[in-house]
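Here are the chains, one letter per residue:
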Amino acid sequence: MNDTGAPLMPPQRRMMLRETRLLADLTRMTVPLARAFLRPAPVSGRSLVIALPGFGAGDRATAPMRAWLNRRGFETEGWGLGRNLAGLDITTRSAPVSPGWGLARGEQNRGEVGVPLLVDRFVERVRQRHGETGRPVCLVGWSLGGYIAREAARDLPDIVDCIVTLGSPVVGGPKYTAAADTFLRRGQDLDWIERVVAAREARPIVQPITAIVSRSDGVVAREAAVDRFSQRVTHVEIDAAHLGLAFNPTVWRYVLRSLRGNEESIPEPRVQRRDD
């Protein structure tokens, strides 16, 4: 249900037309990138920042945001697991899923367990990087990458410091996204996935979360990106294209503010308006 009591639905198809705003974001990001390289800030972040891409994307998609954050004082890196294909490329009928998902061996393995498998793989990646650097980790995830970031943080409360999600479907998995039809055509049971996603919330995420949500998201239903489960969550609502969230300078400033936390005070980012 959304705030009005109506059932959740994927975004209306006409909203995809507004995703063309991505082109404006790609243009707008060049100015803050140039300024950051001309006037870098001193290193201030104690945490290693790992950025996770959205469905179908890889580390190149988060490279501009990471470059900007690097010049603002944080050490960042990509997630290092190639393209985010929702685990569809690693799913087999006998693939083991970690006990934290509460699934029987081989259960619903027509692709539905792809994301749990991918979360497990990313958890091991974060453990590895923490062991190599000795530093706590902050996770910044775009779309599906944000969901994976939340679930990894749930499993790693002593390693992950904070999470930032960008238009991430925290409710229902793909069920309330523009990709729902794609997963249905693959024969996946979206109701089953929704139940598994909801069941994980019985073990709360203890780290602070910043959830950046777009009121005009054409890919993930806004209400599905609102985190009503976590106790330490701050929501930031903007008006931006889902496909442009990782390239949007306004989003970058909110991410930076979240990562800095109480380290220093920075100006309140200007919320993007429709005519920006």
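What counts as what
- Residues numbered from 1 in each chain as written.
- Predicted model: local features only at pLDDT ≥ 70, side-chain atom pairs only at ≥ 80, totals over all residues.
- Heavy atoms only, no water.
- Core = buried A, V, L, I, M, F, W, Y, C linked by side-chain atoms within 4.5 Å.
- Buried < 20%, exposed > 50% of the residue type's maximum accessible area, 1.4 Å probe, protein only.
- Helix = DSSP H or I, 4+ residues; strand = E, 2+ residues; numbered from the N terminus.
- Contact = heavy atoms within 4.5 Å.
- Pairing = 2+ DSSP bridges.
- Right-handed = clockwise from strand over helix to strand, strands pointing away.
- Axes fitted to C-alpha atoms, helices over the stretch in contact; angles between N-to-C directions.
- Disulfide = S-S within 2.5 Å.

## Focus on the nonpolar core
- Counting 39 residues, the largest nonpolar core has I50, F122, V126, L139 and I148 as the members making the most contacts within it.
- Mapped onto this core, the elements with two or more residues apiece are β1 (48-52), α4 (114-133), β3 (137-142), α5 (144-155), β4 (160-166), α6 (180-185) and α7 (190-200).
- By residue number, the principal contributor to this core is α4, which donates seven residues.
- With sequence-adjacent residues up to four places away left out, I148 is seen in contact with L52, W79, N84, V115, L118, V119 and F122.
- With 32 residues, the next largest nonpolar core counts L22, V49, A61 and L256 among its residues.

## Some details on the pairing of strand β2 (residues 75-78)
- Here β1 runs beside β2; their pairing, made up of four bridges, is parallel. Pairing of V49 across the sheet is with T76, part of β2.
- Remark: the β1/helix α3 (residues 59-71)/β2 crossover connection has right-handed handedness.

## Considering the environment of L48
- Counting through the fold element by element, L48 comes out in strand β1.
- Judged by its relative accessible area of 0%, L48 is buried.
- Taking the C-alpha atoms as reference points, L48 and E75, separated by 27 residues in sequence, lie 5.7 Å from one another.
- When residues no more than four places from it in sequence are discounted, the contact partners of L48 are E75, E77, R129, T133, R135, P136, V137 and C138.

## Some remarks on the sheet that holds β3
- With parallel pairing, six strands are arranged side by side in an open sheet as β2-β1-β3-β4-β5-β6. Only two strands of the sheet have a single partner each, and these edge strands are β2 and β6 (233-238). When the angles between neighbouring strand axes are averaged without regard to direction, this sheet yields 20 degrees.
- Inspection of the sheet shows β4 paired to strand β5 (residues 209-214) by four bridges, in the parallel sense. If you follow I163 over to β5, its bridge partner there is I209.
- Lying on the sheet, α3 is in contact with β1, β2, β3 and β4; it crosses β2 at an angle near 180 degrees.

## Comments concerning the state of the cysteines
- All told, the structure shown has one disulfide when counted by the stated rule.
- One disulfide bridge connects C138 with C162, the sulfur atoms lying 2.5 Å from each other. Torsion about the S-S bond of the C138 and C162 cystine: about 115 degrees, corresponding to right-handed handedness. Taken together, the positions of C138 in strand β3 and C162 in strand β4 put the pair 24 residues apart, joining distant regions of the chain.
- By relative accessible area, which is 11% here, C162 ends up buried.

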